[in-house]
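# Analysis of the macromolecular model
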Amino acid sequence: MSAIFLIGRRELSAYLNTGWGYAIMSFVLLLDGLLFNAFALTDTPRYSAEVLEDFFYFSSGSTMIAGILLSMKVLAEERSKGTAVLLQTAPIQDHHIIIGKFLGAFSFLSLITVLTLYMPILIQLNGKVAWAQIGAGYMGLLLLGGATIAIGTFASAISRSQLVAAIFGAGILVLGLLGWLLGKITSAPLNEVFSYLAFFDRHFQPFMRGRVNTESIFYYASVIGLFLLLSIRILQSRRQS
């Protein structure tokens, strides 16, 4: 556990001490702020709960973008700088590296997500929404962000370039997002399979509406576990080759 903690702290420090981390943070906060003003703060009378749903809807997009941008460098950067050999020859196991780097990126994404909390608070001050809906929405954002970072970590593990890692990770994400469309155009039982595998529609929308869905928690946890396991296997194969 100490090795995982040290790698995670090193990764988090890299985001906090470089312009890249703050550029991503600024991008997410600016984008969320602009969308909040454009779609949430309108002259049309609306229920506060609907405004909050819209906030979580567009925040999910910026969270996924940030997840890919943060994770594209976790392993690809090590190879481009020539420090991957140091990691692979260090007296630590491959799962320590993957889990530590995942936790570092996820911690930074969690910090960015928490910094958007002022927007739901503004809705609460000017209307009336349940804190349970706010909590459920943020739980959904963190689960979605964690799954995105796991996918990006996998893409970074198999890519030598950060740009290629970002493109490949985004491609996997887009395929997952299109699952809902395949669920609509296919017949039973395939429509249920595609609907369940879809990255966003069925699994994130309950959180937007304030419902903590155990099926969705299991889904996102499974995605995280699967792609981290694949990343570990890739790292092990590189160490053995």
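Residues numbered from 1 in each chain as written. Predicted model: local features only at pLDDT ≥ 70, side-chain atom pairs only at ≥ 80, totals over all residues. Heavy atoms only, no water.

## Side note on the pattern of salt bridges
Tallying each qualifying case throughout the model produces 3 salt bridges. The salt bridge involving Lys-101 is made with Glu-11; its shortest N-O contact spans 2.9 Å. Of this pair, Lys-101 sits in helix H6 (residues 94-114) while Glu-11 sits in helix H1 (residues 2-16); the two residues are 90 residues apart in sequence, bridging distant segments of the chain. For the pair shown, Lys-101 and Glu-11 are each scored as buried. Notably, a salt bridge pairs Arg-202 with Glu-215, separated by 3.1 Å at the nearest N-O pair. In this pair, Arg-202 sits in helix H12 (residues 201-208) while Glu-215 sits in helix H13 (residues 214-240), placing the two residues 13 residues apart along the sequence. Residue classification places Glu-215 among the partly exposed residues on the basis of a relative accessible area of 29%. (Salt bridge = Lys/Arg side-chain N within 4 Å of Asp/Glu carboxyl O. Helix = DSSP H or I, 4+ residues; strand = E, 2+ residues; numbered from the N terminus. Buried < 20%, exposed > 50% of the residue type's maximum accessible area, 1.4 Å probe, protein only.)

## As for the confidence of the model for the protein
Here the protein averages 86 in pLDDT, and 90% of its residues register 70 or above. For the protein, per-element mean pLDDT is lowest for helix H5 (residues 84-89), which scores 54, and highest for helix H8 (residues 131-158), which scores 94. (pLDDT = per-residue confidence, 0-100.)

## Regarding the packing of H8 against helix H9 (residues 162-177)
Interaxial distance between H8 and H9 falls to 8 Å at its minimum, and their mutual angle equals 135°. As summarised for this structure, H8 and H9 are arranged oblique, according to the angle between their axes. In this structure, the crossing between H8 and H9 has a hand that is right-handed. Within the contact between the two elements, H8 uses Thr-148, Ile-151, Phe-154, Ala-155, Ser-156 and Ile-158 and H9 uses Ala-165, Phe-168, Gly-169, Ile-172 and Leu-173. (Axes fitted to C-alpha atoms, helices over the stretch in contact; angles between N-to-C directions. Parallel < 35°, antiparallel > 145°, perpendicular 65-115°, else oblique. Left-handed = near helix turned anticlockwise from the far one by under 90°. Contact = heavy atoms within 4.5 Å.)

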